[in-house]
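# Tertiary structure, described
Single-letter residue listing:
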Amino acid sequence: LDINKFKFGKSPISLQVGVDLGTILEKIIKRMRSQAESKGLSLVFNNPEDQFSIKADVVKLKAVFKNIIDNAIKYTPKGEVTVKVYNSQNSKFVIVSIKDTGIGIKKEEIKNLFENQFERTDQAKKIDSGMGIGLFHSAQIIKGHNGKIWVQSSGESQGSEFYIELPIGE
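All values derive from a computational prediction rather than experimental measurement.

### Here we look at unusual backbone geometry
In this structure, Asn146 is a non-glycine residue whose phi angle is positive, near 60°. Structurally, Asn146 is set in the loop between α6 (134-144) and β6 (148-152). Judged by relative accessible area, Asn146 falls into the exposed class, the value being 59%.

Given below as structure tokens:
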């Protein structure tokens, strides 16, 4: 339903002021740690002492972080997944980085990852039978928060690092 609403220009996002980003991430990581450990992976959370208050739809934002962290765990056969929160250079944005030591992404596959519904990498198709709507949906939610989402990878077997940038404050 959310995807259809986005397609027709009707945002399903309801923003609340004063949402603590660190608290959201702590809860998600606490719930997902056993999933990582069952695969022999470390799930590391580098939460700074600074609190980042954002304007957010908590339910939708949780869905984004759960999706990206779940993907990182799913597509990482060994090693670790690290979630880091830090201030952007201009201090008006907070950045959440989700880095894994997993299967990586070919450079030519990165450009469409967030733009097309049902888009999946060749490597991901070999591991999981997902439908390819999670990253597209996540990108729409982040745009609805006036933020940005992108990924960097040096290629197959090189891991990936997803970035989510959100405005700080109201």
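### Some points on the packing of helix α2 (residues 21-38) against helix α3 (residues 58-74)
Closest axis-to-axis distance for the α2/α3 pair is 10 Å, and the angle between their directions is 35°. The element α2 and its partner α3 pack so that their crossing is right-handed. From α2, Leu21, Ile24, Leu25, Ile28, Ile29, Arg31, Met32, Gln35 and Ala36 reach across to α3, where they touch Val58, Leu61, Lys62, Phe65, Lys66, Ile69, Asp70 and Ile73.

### So, the side chain of Ser88
Examined against the element boundaries, Ser88 turns out to sit in the loop between β4 (80-87) and β5 (93-100). Setting aside residues up to four positions removed in sequence, Ser88 forms contacts with Phe93, Ile95 and Glu165.

### Things to note about the pairing of β4
Note: strand β2 (residues 42-46) against β4, five bridges, orientation parallel. Bridge pairing links Phe45 to Val83 in β4. Pairing analysis gives seven bridges linking β4 to β5, with the strands arranged antiparallel. Within β5, the position partnered with Thr82 by the bridge is Lys99.

### Thoughts on the environment of Ile69
Inspection of the secondary structure assignment puts Ile69 in helix α3. The buried category is assigned to Ile69, whose relative accessible area is 0%. In the structure, Ile69 is positioned 37 residues away from Met32 in sequence and 8.2 Å away in space, judged by C-alpha atoms.

### With respect to α2
The end-to-end C-alpha distance of α2 is 26 Å, a good match for the 26 Å that 18 residues give at a rise of 1.5 Å each. The principal kink in α2, of about 40°, is found at Met32. Among all positions in α2, only Leu21, Gly22, Ile24, Leu25, Ile28, Ile29, Met32 and Ala36 are buried. Looking at the packing, one finds that the buried side of α2 touches β1 (16-20), β2, β3 (53-56), α3, β4 and β5. Downstream of α2 by one or two residues, Gly40 has phi in the positive range, about 80°.

### Quick word on the pairing of β5
Among the eight residues of β5, six are classified as buried, and the element is accordingly described as predominantly covered. Here β5 pairs with strand β7 (residues 160-167) via eight bridges, running antiparallel. Looking across to β7, one finds that Val96 is bridged to Ile164.

### Some remarks on the environment of Gly169
Here Gly169 is to be found in the segment after β7. In sequence terms Gly169 and Ser53 are 116 residues apart; their C-alpha atoms lie 5.4 Å from each other. The contact partners of Gly169, leaving out residues within four places of it in the chain, are Ser53, Ile54 and Lys55.

### Examining the side chain of Ser97
On the secondary structure map, Ser97 appears in strand β5. At 2.4 Å, the side chain of Ser97 and the side chain of Glu161 are in polar contact. Apart from the residues within four sequence positions on either side, Ser97 is in contact with Thr82, Val83, Lys84, Tyr86, Glu161, Phe162 and Tyr163.

What counts as what
- Residues numbered from 1 in each chain as written.
- Predicted model: local features only at pLDDT ≥ 70, side-chain atom pairs only at ≥ 80, totals over all residues.
- Heavy atoms only, no water.
- Helix = DSSP H or I, 4+ residues; strand = E, 2+ residues; numbered from the N terminus.
- Buried < 20%, exposed > 50% of the residue type's maximum accessible area, 1.4 Å probe, protein only.
- Axes fitted to C-alpha atoms, helices over the stretch in contact; angles between N-to-C directions.
- Left-handed = near helix turned anticlockwise from the far one by under 90°.
- Contact = heavy atoms within 4.5 Å.
- Pairing = 2+ DSSP bridges.
- Expected span 1.5 Å × (residues − 1).
- Bend = angle between axes of the 7 residues up to and from the residue.
- Polar contact = N/O pair within 3.5 Å; in protein donor to acceptor, adjacent residues only side chain to side chain.

Worth remembering: the numbers are spatial, not functional.
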